[in-house]
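Fold and contact review
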Amino acid sequence: MPVVAVVGLQWGDEGKGKVIDLFAEAADTVVRHGGGANAGHTLRVGDETFVVHLLPSGVLHPQTECVLAQGMVLDLGVLLEEVDLLESRGIAVLPRLFISEKAHVVLPHHKAIDAAREAQFAAIGTTKRGIGPAYEDKVGRRGVRVEDCAQRPLLAERLERNLRGWEAEALQLGVPLPSVGELTEALRLVWERLAPRVVATDRRLWDQIETGRKILLEGAQGALLDIDDGTYPYVTSSHVSAAAACAYAGLPAQCLDRVVGVTKAYCTRVGEGPFPTELDASASASLRALGGEFGATTGRPRRCGWLDLETLRTTCRRNGIDALVVTKLDVLDTLDRIGVKRAQDASAERLVQHQGWNCPTHHLRTFADLPEQAATFLRMIESDAATPLMLTSVGPERHSNIGETDCFKGLPTGGYRRPRYTFGG
Ligand code: IMP
């Protein structure tokens, strides 16, 4: 203890990368626990911009341990590329990277099948990173786990079985499958470098919890993309809730001391699926230009719309959010009117137009300095979501913020939050 989970409250792209990077200043360990290279987190430090897909967004802090936990699906080639890119920019990554032996491996045909399905059925608008097929293999009990790479004969057997499972669909989609030999060779090359970093990350985290290290669980995607809670079937293939963070990181359910939820001051979505507060094409394009709303993983233009406080309230309840972070407030600085869908009992009018503040907020560092309309806007979010506001981000840089930046502040440093059962007590 203490353990803090950060959860995206929309359709991903809420700015979690920046928030995790900021919170990681005070963390000992940052854990990515679900999804894979479908995530894309942009980190801006000084004049430099970094984009990470698999590595935790705390990786820029040299003291931080980075864990890729068992719930992830890992494209090991992409992981090494990311490590090499950061190391070429002077950031030592490998010595503090810990990869779960139970995480699943994304194989080249997972990506090919994901892309072919998208091209032929235009189904979900996935990131084509092979995430869906890799999770399908996991639950189909024909997946390849990281630990399998250590045992050559077993790996060949697992790959054989895996490929057999895809034969029919690959034929139907016209996707050529690789041979076991090709896959083994590709995995051997990356394995040589990654093998020393593979450990029982769950046990490592249990030890850290018991010794009072500060652990940050980094959520990827967002609540509305959750496989169960999201806008099914237009969702990702994993759970993204705070509760799932425990399961995917291999941690006990009662370990969470705090859950922080991140929402943008407006809303975006990439890919297909319902979006009740979506703007029309031209208004969406204007907001996209103001917010630089293009996917960090695929470069796709994001669909833009207004903040939906009714849904935000539900996602806060579902995830037990203790504190809210609102990002990209400054993007709205020049708008005369800002649409907001109010929570059900907050207003008779569902979609209201909030008066804009028409002045820059990027340089502001205290709530008291905010223009009145911006302060009212934030108070409205807090009240409709029924969750206290902790931090507001007013720019992409690490320290362009208003509010509390230490997510561990005030938390107990030892033991579990709930008292344990005592026999007869
Ligand atoms: P997949 O996760 O690549 O299978 O994509 C499924 C859906 O989730 C698509 O609509 C993607 O655009 C969306 N998605 C997956 N990861 C992210 C993310 O990190 N940010 C935003 N959308 C995402």
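This text follows the structure it describes.
Quick look at the structure, then. (Residues numbered from 1 in each chain as written. Predicted model: local features only at pLDDT ≥ 70, side-chain atom pairs only at ≥ 80, totals over all residues. Heavy atoms only, no water.)

What to know about the packing of aromatic side chains
Across all of its chains, the model carries two aromatic pairs by this definition. Ring centres 5.7 Å apart and planes at 50° place the aromatic pair W357 and F377 in the tilted group. Note that W357 is positioned in the loop between β17 (351-355) and α11 (372-385) and F377 in helix α11, a separation of 20 residues in sequence. A relative accessible area of 7% means that W357 is categorised as buried. For F377, a relative accessible area of 0% puts it in the buried group. Positioned above the aromatic ring of F50, the side-chain terminus of R89 is 4.0 Å from the ring centre. When the ring centre of F98 is taken as reference, the NZ or CZ atom of R204 above it lies at 3.8 Å. (Phe/Tyr/Trp six-rings, centres within 6.5 Å; stacked < 30°, edge-to-face > 60°. Helix = DSSP H or I, 4+ residues; strand = E, 2+ residues; numbered from the N terminus. Buried < 20%, exposed > 50% of the residue type's maximum accessible area, 1.4 Å probe, protein only. Lys NZ or Arg CZ within 6 Å of the ring centre and 35° of its normal.)

Quick word on empty space enclosed by the protein
One pass over the structure, following the stated rule, counts one cavity of 30 Å³ or more. Of the voids in this model, the largest cavity is the one considered here, and its volume is about 40 Å³. Every residue lining the largest cavity is listed: H33, G34, G35, G219, A220, Q221, H239 and V240. For the lining of the largest cavity, a count of residues per class yields two nonpolar, six polar and no charged. (1 Å grid on protein atoms, 1.4 Å probe; cavity = no way out; pocket = protein on both sides within 12 Å on 5 of 7 lines; lining within 4 Å. Points joined across faces, edges and corners; volume = space filled by probe spheres on them. Nonpolar A, V, L, I, M, F, W, Y, C, P; charged D, E, K, R; others polar.)

Observations regarding the nonpolar core
Core analysis: the biggest nonpolar cluster contains 53 residues, and L217, L256, L287, L329, L332, F377 and I381 have the highest contact counts within it. Elements with a minimum of two residues in this core: β1 (3-8), α7 (201-210), β10 (215-218), α8 (242-249), α10 (309-319), β15 (323-327), β16 (337-341) and α11. Membership of the second largest hydrophobic core comes to 38 residues, among which are L43, F50, M72 and V144. (Core = buried A, V, L, I, M, F, W, Y, C linked by side-chain atoms within 4.5 Å.)

Topic: the environment of A253
Tracing the chain through its elements places A253 in the loop between α8 and β11 (258-264). Since its relative accessible area comes to 66%, A253 is described here as exposed. Considering only alpha carbons, one finds A253 and A242, 11 residues apart in sequence, at a separation of 9.9 Å.

So, α8
The buried count for α8 comes to six of eight residues, which makes it a mostly enclosed element. Of all the positions in α8, only A242, A244, A245, C246, Y248 and A249 are classed as buried. Elements in contact with the buried residues of α8: β1, β2 (29-32), α7, β10, β11 and α10. Where α8 terminates, the next one or two residues include G250, which has phi positive at roughly 75°. (Contact = heavy atoms within 4.5 Å.)

What to know about helix α3 (residues 108-121)
Its 14 residues place the ends of α3 20 Å apart at the C-alpha level, agreeing with the 20 Å of an ideal helix rising 1.5 Å per residue. All of the buried residues in α3 are H109, H110, I113, D114, A116, R117 and E118. Tucked into the core, α3 has its buried residues touching β8 (104-105), α4 (131-139), α5 (152-173) and α6 (180-194). Positive backbone phi, at 40°, marks A122, one or two positions downstream of α3. (Expected span 1.5 Å × (residues − 1).)

Concerning the sheet that holds β16
Picture the strands of a sheet paired through backbone hydrogen bonds; they go either parallel or antiparallel. Sheet architecture is open: three strands sit in the order β14-β16-β17, paired in mixed fashion. Every other strand in the sheet has two partners, leaving β14 (307-308) and β17 as the edge strands with one partner each. The pairing of β16 with β17 spans five bridges and is antiparallel. Looking at β17, one finds that K341 is bridged to L351. α11 contacts β14, β16 and β17 of the sheet and is inclined by roughly 150° relative to β17. (Pairing = 2+ DSSP bridges. Axes fitted to C-alpha atoms, helices over the stretch in contact; angles between N-to-C directions.)

Taken by themselves, the reported measurements are silent on function.
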